[in-house]
Amino acid sequence: MSESSAEAVVAATATANVAGAAGAANWRRAGIAGAAIGVLAAGAAAGVAVERLTVGRGMRKKARLALDATGPYGSLRGTPGRAVADDGTELYYEIDEVEAAPTTGDEGASGSRRRRLFGRKAPAPVTVVFSHGYCLGQDSWHFQRAALRGLVRAVYWDQRSHGRSERGRAQADGVPVGIDQLGRDLKAVIDAAAPEGPVVLAGHSMGGMTMMALADQYPALIRDRVAAVALIGTSSGKLGEVNFGLPVAGVNAVRRVLPGVLKALGSQAELVEKGRRATADLFAGLIKRYSFGSKDVDPAVARFAERLIEATPIDVVAEFYPAFTEHDKSGALPGFRDVPVLILAGDKDLVTPSSHSEAIADVLPDAELVIVPDAGHLVMLEHPETVTDRLADLLVRSGTVPAANVGGHGSTAQQPGR
């Protein structure tokens, strides 16, 4: 959810820069909002101001372009497919298949002949379904995808109105998006991309909430087919109480005005998008503050996060935001009690604080709870080896992959774009 707050600050500032006096007239009603939300930008703006004393705008732009050109992140692709949600929205997904084990010619012929004679059908493989967070996309799993590629059948999908998926058709007709809708979307993706066999569910932030909504609406699916669950940097509810690292006065003001400001921003999307580009430096500072917990994040990774979030239109940001304050799926969590569960969060996550992961663990006492030091909300990008290691261990514990196959794949530092 930090992305939404960051977007609001950047967009409001940008609109003033681009629209001039006419834009200011449009925003007179949101004067209080500018002051309240401005608290969010203070730290980032200070950092940007210092940087501007030593680095020119042209040089900063060239640096971003260089990182875009050389960074391999988000370059992995699989077999594409599309699922259709209950409102007709097309949901884009990609499948990474398991690499076939080498066999001799005789063994292959014998195995093939035996299946023909007796009509035996190989059991459907386990499929790991990765659900991404708010203002992100399937490519946010880049490091985990690189590490697990070929070892396990995996599905990566873009939630509605994100990435390559279609803009929500119901939302185009004025229907608010809700977490329950996202749960039904996930069901449609599973039906299309993994109609048979065991399923492992992995979700980050909004993706974890999507999984909870799936469990709430389709308990039989969880009971009969889900082999393991990974909940990363997510929450089962009470997101309206998150303070985003702000003082009490500041966060109370933000809570009062942010929904209205986002709605106003969404209604002037074209103007705001121009402003976002004009205020790229402030935007980058905000993303870094609310996405990462450590100060020495790889610049290429930080830029990759910027690109992912930049790709989400402001009207989509505004459209999704109200769903989080209404989200409450604590009652669905017991549906995961009978399978191995990984709960993982960064200890410096300002968006879905680690206390929310601890609350989930209280309901699922047999789950593995991992709090990653010096990690923020985008923990899977900031500390990819840790997240991949724990995911690999979960897959082994659930019998999804043999332990021997996982060795050496916990680190993605050697081949981030393979």
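This text follows the structure it describes.
Here goes a summary of the coordinates provided. (Residues numbered from 1 in each chain as written. Predicted model: local features only at pLDDT ≥ 70, side-chain atom pairs only at ≥ 80, totals over all residues. Heavy atoms only, no water.)

### As for the environment of I190
Applicable threshold: Here a strand is any run of E in DSSP of at least two residues, a helix any run of H or I of at least four, and the numbering for each starts at the N terminus.
Inspection of the secondary structure puts I190 in helix α7 (residues 179–193). Along the backbone, I190 and A83 are 107 residues apart, and their C-alpha atoms lie at a distance of 8.6 Å.

### Topic: helix α17 (residues 384–397)
Since one α-helical turn is 3.6 residues long, residues separated by three or four positions face the same way. For clarity, the threshold we go by: What a helix is expected to span follows from its residue count: subtract one and scale by 1.5 Å. The classification of residues rests on relative accessible area computed with a 1.4 Å probe and restricted to protein chains. Under 20% of the type maximum is buried, over 50% is exposed, and intermediate values are partly exposed. Our arc is simply the arc of the directions from the helix axis toward the C-beta atoms.
Compared with an ideal rise of 1.5 Å per residue, which puts 14 residues at 20 Å, α17 spans 20 Å between its outermost C-alpha atoms and is within 8% of the ideal. Every buried residue belonging to α17 is among P384, V387, T388, L391, A392, L394 and L395, and all of these are buried. With its buried residues spanning 160° around the axis, α17 presents them on a single face. Remark: G399 follows α17 within two positions and exhibits a positive phi of approximately 80°.

### Let's talk about the sheet that holds strand β3 (residues 127–131)
Basically, it comes down to this: For two strands to be treated as a pair, DSSP must find no fewer than two bridges joining them. Here, axes are lines fitted to C-alpha atoms. For helices the fit covers the stretch in contact, and angles between N-to-C directions go from 0 to 180 degrees. Note on contacts: a residue pair is in contact if any heavy atoms of the two residues lie within 4.5 Å.
Strands sit in the order β1-β2-β4-β3-β5-β6-β7-β8 across an open sheet of eight strands; the sheet is mixed. Looking at the sheet topology across the chains shown, the edges are occupied by β1 (79–84) and β8 (368–372). In this sheet, neighbouring strand axes are inclined to one another by 20° on average, regardless of whether the strands run parallel or antiparallel. Summarising the sheet, β3 and strand β4 (residues 153–157) pair through five bridges and their orientation is parallel. Within the sheet, the bridge partner assigned to V129 lies in β4 and is V155. Here helix α8 (residues 206–217) sits on the sheet and contacts β3, β4, β5 (199–204) and β6 (226–232); the angle it forms with β5, its principal contact strand, is near 135°. Across the face of the sheet, α17 comes into contact with β3, β5, β6, β7 (341–346) and β8 while running at roughly 170° to β7.

### Some words on the pairing of β1
Note: β1 against strand β2 (residues 90–96), six bridges, orientation antiparallel. When the bridges of β2 are listed, R82 appears paired with Y92. Hairpin connection between β1 and β2: a loop of five residues separates the two successive antiparallel strands, and G88 in this loop has a positive phi of roughly 90°.

### As for empty space enclosed by the protein
Stated formally: A cavity here means a set of points on a 1 Å grid, drawn over the protein atoms and nothing else, where a 1.4 Å probe fits but cannot get out; a pocket is an open set with protein on both sides within 12 Å along at least five of seven lines, and a residue lines either one if it has an atom within 4 Å of a point. Grid points are joined across faces, edges and corners, and a volume is the space filled by probe spheres set on the points.
Per the stated rule, a full pass over the model turns up one cavity of 30 Å³ or more. In this structure, the largest cavity occupies an estimated 40 Å³ of space. Around the largest cavity, the lining residues are G74, S75, L76, Q138, D139, W141, H142 and R145.

### Observations concerning unusual backbone geometry
One non-glycine residue, C135, lies in the positive phi region at around 65°. Positive phi is not limited to glycine here, since S205 has a value of about 55°. Inspection of the secondary structure assignment puts S205 in the loop between β5 and α8.

### Details of the environment of V229
Of note, V229 is situated in strand β6. Assessed through its relative accessible area of 0%, V229 is described here as buried. Ignoring sequence-local partners within four residues, the contact set of V229 consists of L201, M211, F336, V339, P340, V341, L342 and L394.

### Points about the packing of aromatic side chains
For any pair of aromatic rings, the description rests on two quantities: the centre-to-centre distance and the angle between the ring planes. Convention followed: Stacked, tilted and edge-to-face pairs are distinguished by plane angle, under 30 degrees for stacked and over 60 for edge-to-face with tilted covering the rest, among Phe, Tyr and Trp rings (Trp via its six-membered ring) whose centres lie within 6.5 Å. Charges are assigned to positions over rings by a cutoff of 6 Å between ring centre and Lys NZ or Arg CZ, combined with an angular limit of 35 degrees from the ring normal.
One pass over the full model with this rule turns up six aromatic pairs. Consider the rings of F130 and Y156, whose centres lie 4.7 Å apart with planes at 10°: the pair is stacked. In this pair, F130 sits in strand β3 while Y156 sits in strand β4, placing the two residues 26 residues apart along the sequence. Here K187 stacks its cationic end above the ring of Y218, 5.2 Å away from the centre of that ring.

### Some points on the pattern of salt bridges
We apply this condition: In the sections that follow, a salt bridge refers to a side-chain nitrogen of Lys or Arg positioned within 4 Å of a carboxyl oxygen of Asp or Glu.
Evaluation of the coordinates by the stated rule reveals 23 salt bridges. A salt bridge links R149 to D96, with the nearest nitrogen and oxygen atoms 2.9 Å apart. With R149 in the loop between α5 (142–148) and β4 and D96 in strand β2, the pair connects residues that are 53 residues apart, well separated along the chain. Residue classification places D96 among the buried positions, given a relative accessible area of 5%. Of the charged contacts in the structure, one is a salt bridge between E310 and R303, with a shortest N-O distance of 3.0 Å. E310 sits in the partly exposed class, given a relative accessible area of 31%. Since its relative accessible area comes to 8%, R303 is described here as buried. Each of R77, E94, D96, D139, R145 and R149 takes part in salt bridges that share partners, so that together they form one network.

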